[in-house]
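These are the residues of each chain, in order.
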Amino acid sequence: MSALIAALIGTLILAAVSYDIVRLITPNEPRCPPLARLRGRRAALEGAEQWCVGLRLHGRIDADTYQRRMSGLARGRRRPATNRAASRRT
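What you are looking at is a predicted structure, and each value in this text was computed from that prediction instead of being measured.

## Quick word on the overall build of the protein chain
Then comes step 1: Helices and strands together make up the secondary structure of the protein chain, namely four helices and zero strands.
Then comes step 2: For the protein chain, the α and β elements follow one another from N to C terminus as α-α-α-α.

Structure follows, in structure tokens:
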């Protein structure tokens, strides 16, 4: 009887250890985000695109700035890339 209990406890410990190892190896978040968050990001990118088109139509930005912002939106960035070296304080 005690051998059966020891085998059961050993099996449970082995299962817990293997679960922890698998959990540590796999990434915390799946590669594809949940649909609600993905839909929110797409909607935000579409809104930023419409804002950029509005700025261009009203003459508030030039063609180069418009092209740079739209290529950033195509890459998934809602905000324009900034010069990080110039923004650092020394």
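Moving on, there is more to tell.
## Considerations on the nonpolar core
Then comes step 1: Among the nonpolar cores identified, the biggest contains seven residues, and these are Leu-45, Ala-48, Cys-52, Leu-55, Ile-61, Met-70 and Leu-73.
Then comes step 2: Secondary structure elements with two or more residues in this core: helix 2 (35-57) and helix 3 (63-74).
Then comes step 3: Here this core takes four residues from helix 2, the largest share from any one element.
Then comes step 4: Residues in contact with Leu-73, not counting those within four places in the same chain, are Leu-45, Ala-48, Glu-49 and Arg-78.

Conventions used here
- Residues numbered from 1 in each chain as written.
- Predicted model: local features only at pLDDT ≥ 70, side-chain atom pairs only at ≥ 80, totals over all residues.
- Heavy atoms only, no water.
- Helix = DSSP H or I, 4+ residues; strand = E, 2+ residues; numbered from the N terminus.
- Core = buried A, V, L, I, M, F, W, Y, C linked by side-chain atoms within 4.5 Å.
- Buried < 20%, exposed > 50% of the residue type's maximum accessible area, 1.4 Å probe, protein only.
- Contact = heavy atoms within 4.5 Å.

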